[in-house]
Amino acid sequence: MEGQTPGSRGLPEKPHPAAAAATLSSMGAVFILMKSALGAGLLNFPWAFSKAGGVVPAFLVELVSLVFLVSGLVILGYAAAVSGQATYQGVVRGLCGPAIGKLCEACFLVNLLMISVAFLRVIGDQLEKLCDSLLSGTPPAPQPWYTDQRFTLPLLSALVILPLSTPREIAFQKYTSILGTLAACYLALVITVQYYLWPQGLVRESGPSLSPASWTSVFSVFPTICFGFQCHEAAVSIYCSMHKRSLSHWALVSVLSLLACCLIYSLTGVYGFLTFGTEVSADILMSYPGNDMVIIVARVLFAVSIVTVYPIVLFLGRSVMQDFWRRSCLRGWGPRALADPSGLWVRMPLTVLWVTVTLSMVLFMPDLSEIVSIIGGISSFFIFIFPGLCLICAMGIEPIGPRVKCCLEVWGVVSVLVGTFIFGQSTVAAVWEMF
C-alpha cells in the first residue's frame, strides 16, 4: 500500500489522525488488541463448539469469522486515516454522516455498557466461586459477610478497577494487557493439560458428537464467536495511538493479534469440548471440580484477566461521553473552562459515573442474562456493518481505480449483509429465549 499516488489503483495512504498521541509501540498494540478480544467469551467457547455440533463445524465458523474480523480491523484503520478522526464513532460520523454517526454512538454506548456489566458479573461470579472453594472444608454454615458480591465487587472496583480506568490514553493499558493475556493463556493451557492428565474426580463424556444437529445450530454460534473476538471498538483508538500508522503495518498487527487469539480460543474450545462433550457448561470452569487447586488458580487468573480488560471498555465508552461533552461546550451548553473533556475534572467524574452505573446494574439487577445475550448481536454492528458502511462511503471520496473500487464496494456490501444477518439471527434467538 505504501508509496502509491492518489491516482494509483490501490488504497492510498492518508495523513495521520492528529487527535491522538503516538505513544504506542507495535507490540503494545498487539497486546491491547489481544486483551480486548480475550474477554469473558473465552469461557463460552467449549459450549459454542458443543452447540455447533463438534470440532469441524466450529472450526469452519471460526475461520469464516476470522476473514471478516481481520477485514473489519483493516477497514477501520484505513477509515481512520481517511477521515482524520481518532475515535470509532468519530470515524463513522465523519464518513457516513451525522445520522449514522448518532446511531453508532447510541449502539456504541449501549454495547460497551452491557459488556462492562457482563465483565463485572463474571468477576463477581469468579470471586464467589473462589470463596466457596476456599471455605468448602468448613461445616455447612451461612457464608461470611465478606464473601458476598455486594461487598467484594464494590471493594475491588474502588481499589483496582477505578485506578486502572483513570489514565488519559489507551496506550497505558499495554502494561496490564500483557498480564491479562498471560492469564488467559494459563486458562487455555490448563484446559489442554487437564484433557491429557485426566485428574481424579473428572468425569468425561465418552465419544462426544462430532457432527452438527442442523445447520441452524452451526449458524447460531456466530454471535458467540463475534463476542469472543470483539476488539473492533478499540481498533481506531489503538491505531491512532501507534508510532507507525501505515496501513500495511496495521494489517500485520491485526493479523498477528487475531491469529494469537484464534489459537487460544481454539485450544480452549477443542479440549474443553473433547473433555466434556455435550455436557460442557456454558462456563467451562463450572465443569471442573471446585476444590482442584489448578482450577482455583485458573479462576483467580481469569478474574485478573477480566479486570484488565474492563478499563479498555470503559475508556471507549468514556470517549463517547467526552465527544458529547465537547460538542455541548462548543454550543455554549457547558462551561468553556472545562471544554477539554480529557482534563482531569471531566475525565474523573465520567470514569466514576461509568463504574458506578455498571456496578449498580450488577448488584441491583440480578438477572441480566437475557440482556447480555444480545451483546453478540449488537457487536455485529461494529465488526461488520459500520466497517462495511465506512468502506463504501470512503470509496465515494477516494480517487481509486474503477476495478479496485468496485471490488471494495462489493466487499463492503457483503460485510453489511453478513452483519445484518448475524444481528437479526441473534436478536430473534435472544427474544425467543426471553419469552
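Residues numbered from 1 in each chain as written. Predicted model: local features only at pLDDT ≥ 70, side-chain atom pairs only at ≥ 80, totals over all residues. Heavy atoms only, no water.

1. Some details on the confidence of the model for the chain
Per-chain confidence: the chain averages 81 in pLDDT, with 83% of residues scoring 70 or above. Per-element confidence in the chain is highest for helix 4 (residues 88–96), whose mean pLDDT is 93, and lowest for helix 14 (residues 369–372), whose mean pLDDT is 55. For the stretch residues 1–15, pLDDT sits under 50, and the model shows 36 contacts to residues farther than four places along the chain or on other chains. (pLDDT = per-residue confidence, 0-100. Helix = DSSP H or I, 4+ residues; strand = E, 2+ residues; numbered from the N terminus. Contact = heavy atoms within 4.5 Å.)

2. Describing the packing of helix 7 (residues 173–197) against helix 11 (residues 247–276)
Running from N to C, helix 7 and helix 11 cross one another at 30°; their axes reach a closest spacing of 9 Å. As summarised for this structure, helix 7 and helix 11 are arranged roughly parallel, according to the angle between their axes. Crossing of helix 7 over helix 11 shows left-handed handedness. Contact with helix 7, carried on its side by Ala-184, Cys-185, Ala-188, Ile-191, Thr-192, Tyr-195 and Tyr-196, involves Ile-264, Leu-267, Thr-268, Tyr-271, Gly-272, Leu-274 and Thr-275 of helix 11 and no other residues of that element. A breakdown of the residues in the contact of helix 7 with helix 11 according to their chemical character gives 10 nonpolar, four polar and no charged. (Axes fitted to C-alpha atoms, helices over the stretch in contact; angles between N-to-C directions. Parallel < 35°, antiparallel > 145°, perpendicular 65-115°, else oblique. Left-handed = near helix turned anticlockwise from the far one by under 90°. Nonpolar A, V, L, I, M, F, W, Y, C, P; charged D, E, K, R; others polar.)

3. A closer look at the environment of Tyr-196
Within the secondary structure layout, Tyr-196 lies in helix 7. On the accessibility criterion, Tyr-196 (55% relative accessible area) is exposed. With 75 residues separating them along the chain, Tyr-196 and Tyr-271 place their C-alpha atoms 9.3 Å apart. (Buried < 20%, exposed > 50% of the residue type's maximum accessible area, 1.4 Å probe, protein only.)

4. Points about a nonpolar patch on the surface
A contiguous nonpolar surface patch, about 620 Å² in accessible area, is contributed by Trp-145, Tyr-146, Phe-151, Leu-155, Leu-159 and Val-160. With respect to the helices and strands, the residue Val-160 is situated in helix 6 (residues 149–165). For Val-160, a relative accessible area of 31% corresponds to the partly exposed category. (Patch = residues over 30% accessible without salt bridge, like charges linked within 9 Å, V, L, I, M, F, W, Y side chains within 5 Å. Areas by Shrake-Rupley, 256 points an atom, 1.4 Å probe, with all protein chains shown as cover. Salt bridge = Lys/Arg side-chain N within 4 Å of Asp/Glu carboxyl O.)

5. A short note on the packing of helix 1 (residues 26–37) against helix 7
Orientation of helix 1 relative to helix 7, taken along the N-to-C sense of each, is 55°, at an axis distance of 8 Å. The angle between helix 1 and helix 7 places the two elements in the oblique class. Helix 7 is crossed by helix 1, and the crossing has left-handed handedness. Taken together, the residues of helix 7 that come into contact with helix 1 (itself represented by Gly-28, Phe-31, Ile-32, Met-34 and Lys-35) are Gln-173, Lys-174, Ser-177, Ile-178, Gly-180 and Thr-181. Classifying every residue of the contact of helix 1 with helix 7 by side-chain character gives four nonpolar, five polar and two charged.

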